[in-house]
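# A look at the structure
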Amino acid sequence: DALVAVVTGASSGIGEATARTLAAQGFHVVVGARRLDRLERLANDIGGTALELDVTDEDSVDAFAAVVPRVDVLVNNAGGAKGLASVLDADLDDWRWMWETNVLGTLRVTRALLPKLIDSGDGLIVTITSVAALEAYDNGSGYTSAKHAQAVLHRTLRGELLGLPVRLTEIAPGAVETEFSLVRFDGDEDRAAKVYEGITPLVAADVAEVIGFVASRPSHVNLDQIVMKPRDQASAG
Ligand code: NJP
């Protein structure tokens, strides 16, 4: 039987590209997100399984975990940013969205699938954090704080799971051209396009290739953290 990889947030961007890469490497890929129509097209393309998943909803996560047959690789990718505002002007709804999706979403999905990752005998958890998990920058506190928290959650598990057959890799990308900025600016294409001015951003496949590399290391090798940025991007903000 094929090894099974679960990719959250696979309806676009890094998650979709990762699902394609892992499928090409021979994994049966289970793709989860809220937009089931997109997932079904992807699953059809790669011979995988599409399942609706809202990482902010405990029942949705539990229902998802219950039907996944086995899990060898979990890619915690679902996430994103909302808004850009100073701490004093911060919108609490934006903060709640970012913390629910990036932090509590990662916690819910990881906990729900951990027994199956352990049962596989060589589980791998890849969490997509961000260079925003390594730095602070003006007007980015909602996202940077959520990504710091998500990264700490992942790094803590690395210690807590020592002795179990589970590897953990954090991937912290800089700017990647996906729907990320469109989501951040609620569909405003002009604002989203400005994010990449002056740099050639990474594309989703760049990150997916690295995840494919991580997933193909032998079982005694743990790549703890990988930071990847566009050549012309020095800092996160
Ligand atoms: O963004 P995008 P990316 N439940 O918007 C899903 C991090 N990152 O690929 O539910 C389940 O194309 C959403 O699916 P849907 C970033 O923080 C990026 O760039 O159908 N899924 C979609 O598939 C994130 O952790 C950059 O709307 C949920 C996916 O998430 C990861 O990379 C830089 C969901 C987002 O795809 C992938 O983002 C960086 C929910 N409640 C870190 N809410 C960058 N692009 O520049 C959203 O440092 N999703």
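Throughout what follows, the structure given in this document is the object of discussion.

Conventions and cut-offs
Residues numbered from 1 in each chain as written. Predicted model: local features only at pLDDT ≥ 70, side-chain atom pairs only at ≥ 80, totals over all residues. Heavy atoms only, no water. Axes fitted to C-alpha atoms, helices over the stretch in contact; angles between N-to-C directions. Helix = DSSP H or I, 4+ residues; strand = E, 2+ residues; numbered from the N terminus. Parallel < 35°, antiparallel > 145°, perpendicular 65-115°, else oblique. Left-handed = near helix turned anticlockwise from the far one by under 90°. Contact = heavy atoms within 4.5 Å. Core = buried A, V, L, I, M, F, W, Y, C linked by side-chain atoms within 4.5 Å. Buried < 20%, exposed > 50% of the residue type's maximum accessible area, 1.4 Å probe, protein only. Pairing = 2+ DSSP bridges. Near = heavy atom within 4 Å. Polar contact = N/O pair within 3.5 Å; in protein donor to acceptor, adjacent residues only side chain to side chain. Areas by Shrake-Rupley, 256 points an atom, 1.4 Å probe, with all protein chains shown as cover. Nonpolar A, V, L, I, M, F, W, Y, C, P; charged D, E, K, R; others polar. Right-handed = clockwise from strand over helix to strand, strands pointing away. Phe/Tyr/Trp six-rings, centres within 6.5 Å; stacked < 30°, edge-to-face > 60°. Lys NZ or Arg CZ within 6 Å of the ring centre and 35° of its normal. Salt bridge = Lys/Arg side-chain N within 4 Å of Asp/Glu carboxyl O.

### A look at the packing of helix H4 (residues 92-119) against helix H5 (residues 141-160)
Two elements in contact, H4 and H5, have axes whose closest approach is 8 Å; the angle formed by their N-to-C orientations is 10°. It follows that H4 is roughly parallel to H5 by the angle criterion. Judged by the twist between their axes, the crossing of H4 over H5 is right-handed. For the pair H4 and H5, contact is made by Trp 95, Met 98, Trp 99, Asn 102, Val 103, Thr 106, Leu 107 and Thr 110 and by Ser 141, Gly 142, Tyr 143, Ser 145, Ala 146, Lys 147, Ala 149, Gln 150, Leu 153 and Leu 157, respectively.

### Quick look at the nonpolar core
Within soluble globular proteins, side chains that are nonpolar tend to cluster in buried spots. In terms of nonpolar packing, the biggest core is built from 33 residues, with Leu 22, Val 29, Val 31, Val 75, Val 126 and Ile 171 touching the most fellow members. Elements with a minimum of two residues in this core: strand E1 (4-8), helix H1 (13-24), strand E2 (28-33), helix H2 (36-46), strand E4 (73-76), strand E5 (123-128), helix H8 (204-215) and strand E9 (225-228). At six residues, the largest contribution of residues to this core is made by H8. What Leu 22 contacts, discounting residues up to four positions off in sequence, is Ala 5, Val 7, Phe 27, Val 29, Val 75, Gly 212 and Ala 215. Formed by 22 residues, the second largest nonpolar core is a distinct cluster that contains Leu 51, Val 109, Ile 125 and Leu 157.

### Observations regarding the pairing of E1
Each regular strand shows side chains that alternate between the opposite faces of the sheet. By the criterion of burial, E1 is predominantly enclosed, with five of the five residues buried. Side chains Val 4, Val 6 and Thr 8 of E1 all project onto a buried face; the interleaved residues Ala 5 and Val 7 project onto the opposite face, where all are buried too. Bridging between E1 and E4 involves three bridges; their strand directions are parallel. Note that in E4 the partner of Val 6 across the bridge is Leu 74.

### Notes on the site of the ligand
Around the ligand, the surrounding shell holds 33 residues, and the nearest of these are Ser 11, Arg 34, Ser 130, Pro 173 and Thr 178. Backbone polar atom of Ile 14 to an oxygen atom of the ligand: 2.8 Å apart, as the coordinates give it. Here Asp 54 contributes a side-chain N or O atom positioned 2.9 Å from a nitrogen atom of the ligand. Coverage of the ligand by the protein chains reaches 96% of its 890 Å² of free accessible surface. Residue composition of the shell around the ligand, by class: 14 nonpolar, 14 polar and five charged.

### Focus: the pairing of E2
In terms of burial, E2 is a largely internal element, five of the six residues being buried. Note that E1 and E2 share five bridges and pair parallel. Residue pairing for E2: Val 4 is matched across the bridge by His 28. Between E1 and its parallel partner E2, the chain crosses via H1, and the hand of that crossover is right-handed. Across four bridges, the pairing between E2 and strand E3 (residues 49-52) is parallel. Following the sheet pairing, Gly 32 is matched in E3 by Leu 51. At this point the chain moves from E2, through H2, to the parallel E3, and the crossover so formed is right-handed.

### Section: the packing of aromatic side chains
Considering all chains together, one arrives at one aromatic pair under this definition. Note that Lys 82 overlies the ring of Trp 97, its terminal NZ or CZ placed 5.2 Å from the centroid. Positioned over the ring face of Phe 213 is Arg 217, at 3.8 Å from the centre of the ring.

### Details of the pattern of salt bridges
Applying the stated criterion across every chain yields a total of 13 salt bridges. In this structure, Glu 16 and Arg 20 form a salt bridge, with 3.0 Å as the shortest nitrogen-oxygen distance. Of this pair, Glu 16 and Arg 20 are both found in helix H1, four residues apart, which corresponds to roughly one turn of the helix. Given a relative accessible area of 24%, Glu 16 falls into the partly exposed group.

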